[in-house]
Amino acid sequence: RDSSKVGVITVDFDETLSHYAEWGKLPIKTITIGHYHCILSKEYMGHQHSNSEWISNIKPDYIACIGNISKDILIKQGVPPNKLITGANLRQSKQTENFSEKKNSDQILVLLSLVDESNIEILNKIYLNNSFITDEMKLKLIVKPHPMMKIKEVLQSLKWTELPIGWKWAENNLDKELNKSYCCIAMDTAAVFDAINKDNIVISIKSDLRIMENYLDVFSNKYPLTRSISQNEIVSKIRDIFQIKSEQYKNEFSKIKYELIEGTNITNVKNLKTFIPNT
């Protein structure tokens, strides 16, 4: 391939659409590839498409996704199948296929996002149930900020000077914290898929402000335990996960993990090469 004759540009699928239009005007033949790097909520409007959109230059020539599971999602949301290529899953490393017999540890990991209002919501809603979680259930709450969000910024947004008594900031990277935890509470973050790959049960908290807070909603019709819950349901949800229906939750989330592994590609040379289509 003569790089002086063909330019290949790979960007995040969420890039400003006007960029695609500008690249289409370059003096050399240019192929633009949008990268769908993780599964998002089915409510995310940026990934809902009409057929007519694909006639213009505002759309990329191809969209590289992480496997058949994301390919199927995008087709349902209006992406023409001939525009899709499946590449490597760069976010998660390959995990064992079986949901491990992880003991019900007493640690709950709170996964924060890069969205301020979502962090404010989830932490406040957990705090309103804090007496049940930390006093009655004797569970530890570990808060894991998004890697691009500083602890100081999170506290300032909440107008807190420190975390409530009994809560702690995560001291390790995400993988290590997920290995130690049994359950995660999340809102508005794709880290829920990392959690499931590490054999965690996930509680998605419903937002009062946003409609795409639950990234697991792509599974909600098939797996009802992934549906987001209100603040008033947190007590019963945690009791079910740790006491009453623990086996039911393990079984359902093991099926989701299996689908994720089967539907996403590993990172190897072959899958990485698909990011650059033949020209």
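Look up a bit, the structure's there.
Quick summary incoming for the structure in this document.

Criteria and cut-off values
Residues numbered from 1 in each chain as written. Predicted model: local features only at pLDDT ≥ 70, side-chain atom pairs only at ≥ 80, totals over all residues. Heavy atoms only, no water. Helix = DSSP H or I, 4+ residues; strand = E, 2+ residues; numbered from the N terminus. Buried < 20%, exposed > 50% of the residue type's maximum accessible area, 1.4 Å probe, protein only. Contact = heavy atoms within 4.5 Å. Areas by Shrake-Rupley, 256 points an atom, 1.4 Å probe, with all protein chains shown as cover. Polar contact = N/O pair within 3.5 Å; in protein donor to acceptor, adjacent residues only side chain to side chain. Pairing = 2+ DSSP bridges. Axes fitted to C-alpha atoms, helices over the stretch in contact; angles between N-to-C directions. Salt bridge = Lys/Arg side-chain N within 4 Å of Asp/Glu carboxyl O. Core = buried A, V, L, I, M, F, W, Y, C linked by side-chain atoms within 4.5 Å. Parallel < 35°, antiparallel > 145°, perpendicular 65-115°, else oblique.

Some thoughts on the overall build of the protein chain
Moving on, step 1. Looking only at helices and strands, the protein chain has ten helices and nine strands in total.
Moving on, step 2. Across the 279 residues that make up the protein chain, the buried fraction comes to 52%.
Moving on, step 3. Expressed as a percentage of contacts within the protein chain between residues at least 6 apart in sequence, the contacts between residues at least 24 apart total 70%.
Moving on, step 4. A total accessible area of about 14200 Å² is found for the protein chain, and carbon and sulfur atoms account for 50% of it.

Some words on the side chain of H146
Moving on, step 1. Inspection of the secondary structure puts H146 in the loop between β6 (140-144) and α5 (151-158).
Moving on, step 2. In this structure the side chain of H146 is engaged in a polar contact, spanning 2.9 Å, whose partner is the backbone nitrogen of M148.
Moving on, step 3. Among residues more than four places away in sequence, those in contact with H146 are L112, S113 and L114.

Focus: the environment of I66
Moving on, step 1. Looking at where I66 falls in the secondary structure, it is placed in the loop between β3 (62-65) and α2 (68-76).
Moving on, step 2. Separated by 197 residues in sequence, I66 and G263 have C-alpha atoms that sit 8.2 Å apart.
Moving on, step 3. The residues contacting I66, other than those within four sequence positions of it, are Y36, H37, C38, I39, G87, A88, N89, G263, T264 and N265.

Description of the pairing of strand β5 (residues 107-111)
Moving on, step 1. Burial of β5 is extensive: five of the five residues sit out of reach of the surface.
Moving on, step 2. Where burial is concerned, the two faces of β5 agree: the one with Q107, L109 and L111 and the one with I108 and V110 are both buried.
Moving on, step 3. Across five bridges, β5 lies against β6 in parallel orientation. By the bridge assignment, L109 is partnered in β6 with I142.
Moving on, step 4. Taken together, the four bridges between β5 and strand β8 (residues 183-186) define a ladder with parallel strand orientation. Along β8, the bridge assignment pairs I108 with C183.

Thoughts on the sheet that holds β8
Moving on, step 1. Taken in spatial order, the five strands of this open sheet run β7-β6-β5-β8-β9, and their pairing is parallel. At either end of the open sheet lies a strand with only one pairing partner, and these are β7 (167-169) and β9 (201-204). Going from strand to strand, the sheet's axes swing by 25 degrees on average, the running direction of each strand aside.
Moving on, step 2. Relative to β9, β8 runs parallel, the two sharing four bridges. Bridge assignment links C183 to a residue of β9, and that residue is I201.
Moving on, step 3. Relative to β5, helix α3 (residues 116-127) is tilted by about 150 degrees, and along the sheet it contacts β5, β6, β7 and β8.

Observations concerning the pattern of salt bridges
Moving on, step 1. With the rule as written, the count across this model stands at ten salt bridges.
Moving on, step 2. One salt bridge in this structure joins D199 and K257, with 2.7 Å as the shortest N-O distance. Here D199, found in the loop between α7 (191-197) and β9, pairs with K257, found in helix α9 (residues 246-263); they are 58 residues apart in sequence, far enough to count as distant. Taken individually, D199 and K257 each receive the classification buried, so the pair is uniform in this respect.
Moving on, step 3. Between K250 and E247 there is a salt bridge, and its shortest N-O distance comes to 3.9 Å. Of this pair, K250 and E247 both sit in helix α9, separated by three residues, roughly a single helical turn.
Moving on, step 4. One salt-bridge network, in which partners are shared between bridges, spans E117, D188 and R210.

Digging into the nonpolar core
Moving on, step 1. Counting residues in hydrophobic clusters, the biggest one holds 69 residues, and the most contacted among them are L123 and I238.
Moving on, step 2. Examining the composition of this core, we find that five residues originate from one element, α7, more than from any other.
Moving on, step 3. Those residues in contact with L123 that lie beyond four places of it in its chain are V110, L112, V143, V154, L158, W160 and W167.
Moving on, step 4. In this structure, I31, I33, A88 and F275 belong to the second largest nonpolar core, which totals six residues.

Quick word on the side chain of S207
Moving on, step 1. Along the chain, S207 falls in the loop between β9 and α8 (234-244).
Moving on, step 2. Judged by its relative accessible area of 9%, S207 falls in the buried class.
Moving on, step 3. Among the polar contacts made by the side chain of S207, one reaches the side chain of E121 at a distance of 2.5 Å.
Moving on, step 4. Here R210 takes part through its backbone nitrogen, which lies 2.9 Å from a polar atom of the side chain of S207.
Moving on, step 5. Filtering out sequence-adjacent residues up to four positions away, S207 remains in contact with E121, K125, M187 and E213.

Some points on the packing of α3 against α5
Moving on, step 1. Where α3 meets α5, the closest approach of the two axes is 9 Å, and the angle between their N-to-C directions is 70 degrees. Between α3 and α5, the crossing angle belongs to the class labelled roughly perpendicular. Seen from α3, the contacting residues are D116, N119, I120, L123 and N124; seen from α5, they are V154, S157 and L158.

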